[in-house]
Amino acid sequence: MLVPAAPSGDGGVETFGVARVRNIGVDVAVGDWVVPSADGERIEHILTRRSGFVRRASFEGARAMSHTIAANIDVAFLCHSFGVPPNQRRLERELILAFDSGADPVVLLTKADLVDDPEPARRELEEVALGVPVLVTSGRSADGLAELEGYVRPGGTVAFLGSSGVGKSTIVNELLGSQLQATTEVRGDQRGRHTTVAVQLLAVPGGGWLVDTPGVRALSLWHSGQGIERAFADVFELTDDCRFRDCKHDQEPGCAVRQAIEDGTLDPD
Ligand SMILES: Nc1nc2c(ncn2[C@@H]2O[C@H](COP(=O)(O)OP(=O)(O)OP(=O)(O)O)[C@@H](O)[C@H]2O)c(=O)[nH]1
Ligand SMILES: [Mg+2]
Ligand SMILES: [Zn+2]
């Protein structure tokens, strides 16, 4: 469950005696830094999080439980595709969530190769972007990728958020320089297929970390009894119904996410 902290060079040495969590456990999230026990079997201590993306987890009694899906994110790329009309409302909700998380948001307009003039859509998102940079990029033509690389710094963590099919994993692969993350053709209506179904922490060869996430349909605001909280919806809600708590939504029996994709009940938008 634990992986060494140092991603590069010598096969991954635990330089400072801390490791980074790749899998979601009971009290840890993807991106957490932890101190493992000497035998590496247990977590002795979880380092204080600098930032966290939170979602509502299952209701226990009348109480909504929150659950951190990614921790210690420095920069959150809010990904929107030129393949669909710009969605200002969605971006507004994403910005609230990102600011809440403690990460610095950056808006990413993907698939620039699909349009002749990127300016109209870019301007529309910029109107509601509250001064956050709106970058134009294409994973296919590699336009704008150098600018993205500037956000990936040794020790820093960049997360990709956005609807299924906008091209998150394609850009992640470009930045990694390898096809680690699976990608799938979008449907005719530009909707994705939920190719990525679990949050993934990936080490960039030159230093730094990327977090690839499943496409989420909506980002909901919810009431916890202690105020309004903001959370991710859909894919993450389904994971509560998977048989195994640490389900990777791959080949596990009783996986609610795979089932919903097969049934067509998971809205890919
Ligand atoms: N034209 C064009 N197509 C792209 C670009 N980037 C990705 N695609 C295509 O869009 C489809 C979806 O890309 P993915 O990278 O799987 O999208 P994703 O956001 O990771 O989707 P989920 O994992 O389902 O959330 C694939 O067929 C990609 O080849 C791009 O810059 N231009
Ligand atoms: Mg993906
Ligand atoms: Zn599952």
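Reading the values: the criteria
- Going along each chain's sequence as written, the residues are numbered from 1 onward.
- By the order in which they are written, chains take letters starting at A while ligands take numbers starting at 1.
- Restriction of local features to residues with pLDDT of at least 70 applies here, the model being predicted, together with a cutoff of 80 or more for giving and counting side-chain atom pairs; totals for whole chains, interfaces and linings are based on all residues.
- Only hydrogens and water are removed before side-chain values are computed, so all heavy atoms of the structure are retained for them.
- Ligating atoms shown are N, O and S within 2.8 Å of the metal, or 3.2 Å for Na, K and Ca, and water is not included, meaning a site may look less than complete.
- Helical segments are the DSSP runs of H or I of at least four residues, strand segments are the runs of E of at least two, and each set is numbered from the N terminus.
- In this scheme, a residue with accessible area under 20% of its type's maximum is buried, one over 50% is exposed, and one in between is partly exposed, where area comes from a 1.4 Å probe on protein chains only.
- Summary of the distance rule: residues count as near a molecule or strand when at least one heavy atom falls within 4 Å of that molecule or strand.
- Pairing of N or O atoms within 3.5 Å defines a polar contact, subject to two protein rules: one partner must be a possible hydrogen donor and the other a possible acceptor, and residues neighboring in sequence count only if both atoms are side-chain atoms.
- For accessible areas, the Shrake-Rupley method is used with a probe of radius 1.4 Å. Any residue's cover is judged against the shown protein chains and nothing else.
- Asp, Glu, Lys and Arg are counted as charged, while Ala, Val, Leu, Ile, Met, Phe, Trp, Tyr, Cys and Pro are counted as nonpolar; the rest, among them Gly, fall into the polar class.
- At least two bridges found by DSSP between two strands is the condition for calling them paired.
- Under this scheme, a helix contributes an axis fitted over its contacting stretch, all axes are lines through C-alpha atoms, and angles between N-to-C directions fall in the 0 to 180 degree range.
- Residue contacts are defined here by distance: any two heavy atoms, one from each residue, within 4.5 Å place the two residues in contact.
- Each Phe, Tyr or Trp ring (for Trp, its six-membered ring) is paired with any other whose centre lies within 6.5 Å, and the angle between the two planes then decides the class: stacked below 30 degrees, edge-to-face above 60, tilted in between.
- Confidence scores labelled pLDDT are given residue by residue by the predictor and lie between 0 and 100.
- Each helix should span, by expectation, one fewer than its residue count multiplied by 1.5 Å.

A. Molecular detail of the coordination of the magnesium ion (ligand 2). At this site the magnesium ion (ligand 2) is bound by Ser169 (OG) and Thr196 (OG1), with donor distances of 2.0 to 2.1 Å. One end of the pair, Ser169, is in helix H4 (residues 168-176); the other, Thr196, is in the loop between H4 and strand S11 (200-203), and 27 residues separate them in sequence. Side by side, Ser169 and Thr196 carry an identical accessibility label, which is buried.

B. Expanded view of the site of ligand 1. The full set close to ligand 1 counts 22 residues, and Asp113, Gly139, Ser164, Thr170 and Thr196 are the nearest of them. Here Gly139 contributes a backbone N or O atom positioned 2.8 Å from an oxygen atom of ligand 1. Computed on the free molecule, ligand 1 has an accessible area of 660 Å², of which 95% lies beneath the protein chains in the complex. Considered class by class, the residues forming the shell around ligand 1 number three nonpolar, 14 polar and five charged.

C. Focus on the pairing of strand S4 (residues 43-46). Two elements, strand S3 (residues 33-36) and S4, share three bridges in a ladder whose sense is antiparallel. Pairing of Val34 across the sheet is with Ile46, part of S4. Hairpin remark: S3 followed by S4, antiparallel, with six residues in the connecting loop; positive phi at Gly40, about 75°.

D. Just the sheet that holds strand S8 (residues 104-110), in detail. Pairing is mixed across the open sheet formed by six strands, whose spatial order is S9-S8-S7-S10-S12-S11. Each edge of the open sheet is held by one strand with a lone partner, namely strand S9 (134-136) and S11. Adjacent strand axes in the sheet meet at a mean angle of 25° when their direction is disregarded. Sheet topology places strand S10 (residues 157-162) next to strand S12 (residues 209-212); four bridges connect them, and they run parallel. Directly across from Ala159, in S12, lies its bridge partner Val211. Taken strand by strand, helix H1 (residues 88-101) contacts strand S7 (75-81), S8 and S10, and its axis lies near 170° from that of S7. Taken strand by strand, helix H2 (residues 119-127) contacts S7, S8 and S9, and its axis lies near 155° from that of S8.

E. Region of interest: the packing of aromatic side chains. On inspection of all chains with the given rule, the structure shows three aromatic pairs. On the basis of an interplanar angle of 85° and a centroid distance of 6.0 Å, the ring pair of Trp33 and Trp209 is categorised as edge-to-face. You can see Trp33 sitting in strand S3 and its partner Trp209 sitting in strand S12, a full 176 residues away along the chain. The exposure class of Trp209 is buried, given its relative accessible area of 3%. Relative to Phe160, the ring of Phe77 has its centre 5.2 Å away and its plane inclined at 50°; by these criteria the two rings are tilted. One end of the pair, Phe77, is in strand S7; the other, Phe160, is in strand S10, and 83 residues separate them in sequence. What makes Phe160 buried here is its relative accessible area of 0%. Taken together through their ring pairs, the aromatic side chains of Phe77, Tyr151 and Phe160 make up a single cluster.

F. Looking closely at the environment of Gly83. Tracing the chain through its elements places Gly83 in the loop between S7 and H1. In this view, Gly83 contacts Leu114 and Gln190; residues no more than four positions away in its chain are not counted.

G. Layout of unusual backbone geometry. Although it is not a glycine, Leu130 sits at a positive phi angle of roughly 55°. Topologically, Leu130 is positioned in the loop between H2 and S9.

H. Layout of the confidence of the model for the protein chain. For the protein chain, the mean per-residue pLDDT works out to 79, and 76% of the residues sit at or above 70. Predicted confidence for residues 1-16 stays below pLDDT 50, and this span has 31 contacts to residues more than four positions away or in other chains.

I. Examining H1 more closely. Relative to the 20 Å expected for 14 residues at 1.5 Å per residue, H1 spans 20 Å between its end C-alpha atoms, a close match to the ideal helical length. Among the residues of H1, those classed as buried are Gln88, Arg90, Leu91, Glu94, Leu95, Leu97, Ala98 and Ser101. Between the side-chain oxygen at the start of H1 and the backbone nitrogen of Arg89 there is a gap of 3.3 Å, and the oxygen is on Asn87. A positive backbone phi angle near 95° is found at Gly102, which sits one or two residues after H1.

J. The environment of Lys168, seen in detail. In this structure, Lys168 sits in helix H4. For Lys168 and Thr196, which are 28 residues apart along the polypeptide, the C-alpha to C-alpha distance reads 9.2 Å. Contacts of Lys168, omitting those with residues within four sequence positions, involve Cys79, Phe160, Leu161, Gly162, Ser163, Asp212, Thr213, Pro214 and Gly215. Polar side-chain contacts of Lys168 include one of 2.7 Å to the backbone oxygen of Ser163.

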